[in-house]
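# What the coordinates show
Residue strings, one per chain:
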Amino acid sequence: MVISTRHTGFVVNDLEKFIDFYLGLGLKLISRELESGEYIDKLVGLKNVKLEWAKLSLPDNTVIEILKYHT
């Protein structure tokens, strides 16, 4: 039985659409960023990654992370 969660991530094709969807459910946008370079390449195990992400929070501080790979 799951009693709580701290962080869940989803990879999507349309970041704006999913941000709007979750904002419509009452989540709050807490951060958004576009990343590339050695750190993110190493983190995801791919080369020349360009990754855009947004983090949204629920009232209990659970975080939903939405990721879009541009490359």
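Structure: see above.
This text gives an overview of the structure that appears in the document. Source: prediction; values computed, not measured. (Residues numbered from 1 in each chain as written. Predicted model: local features only at pLDDT ≥ 70, side-chain atom pairs only at ≥ 80, totals over all residues. Heavy atoms only, no water.)

## Re unusual backbone geometry
The phi dihedral of Asn48 falls on the positive side, at around 55°, and the residue is not glycine. As for its placement among the helices and strands, Asn48 is situated in the loop between α2 (38-44) and β3 (50-57). Positive phi outside glycine occurs at Asn61, with the angle close to 75°. Within the secondary structure, Asn61 is located in the loop between β3 and β4 (63-69). (Helix = DSSP H or I, 4+ residues; strand = E, 2+ residues; numbered from the N terminus.)

## Quick word on the sheet that holds strand β1 (residues 7-11)
Read from one edge to the other, the open sheet built from four strands follows the order β1-β4-β3-β2, with strand pairing classed as mixed. At either margin of the open sheet sits one strand with a lone partner, and together these are β1 and β2 (28-36). In this sheet, neighbouring strand axes are inclined to one another by 20° on average, regardless of whether the strands run parallel or antiparallel. Looking at chain direction, β3 and β4 are connected through seven bridges and run antiparallel. What sits directly across from Glu52, in β4, is Lys68. With respect to the sheet, helix α1 (residues 15-24) is in contact with β1, β2, β3 and β4, its orientation differing from that of β4 by roughly 165°. (Pairing = 2+ DSSP bridges. Axes fitted to C-alpha atoms, helices over the stretch in contact; angles between N-to-C directions. Contact = heavy atoms within 4.5 Å.)

## As for the packing of aromatic side chains
Overall, the coordinates contain one aromatic pair when judged by the stated rule. Seen from their ring centres, Phe21 and Tyr22 are 5.1 Å apart, and the 75° between their planes marks the pair as edge-to-face. Lying over the aromatic face of Trp53, Lys55 brings its terminal NZ or CZ to 4.8 Å of the ring centre. (Phe/Tyr/Trp six-rings, centres within 6.5 Å; stacked < 30°, edge-to-face > 60°. Lys NZ or Arg CZ within 6 Å of the ring centre and 35° of its normal.)

## Quick notes on the nonpolar core
By size, the foremost hydrophobic cluster in this structure holds nine residues: Val12, Leu15, Ile19, Tyr22, Leu27, Ala54, Leu56, Ile64 and Ile66. For this core, the secondary-structure elements that each account for two or more residues are α1, β3 and β4. At three residues, α1 tops the list of elements feeding residues into this core. When near neighbours in sequence (up to four residues on either side) are disregarded, Val12 contacts Phe18, Ile66, Leu67 and Lys68. Among the nonpolar cores identified, the runner-up in size contains five residues, and Ile40, Val49, Trp53 and Leu67 belong to it. (Core = buried A, V, L, I, M, F, W, Y, C linked by side-chain atoms within 4.5 Å. Buried < 20%, exposed > 50% of the residue type's maximum accessible area, 1.4 Å probe, protein only.)

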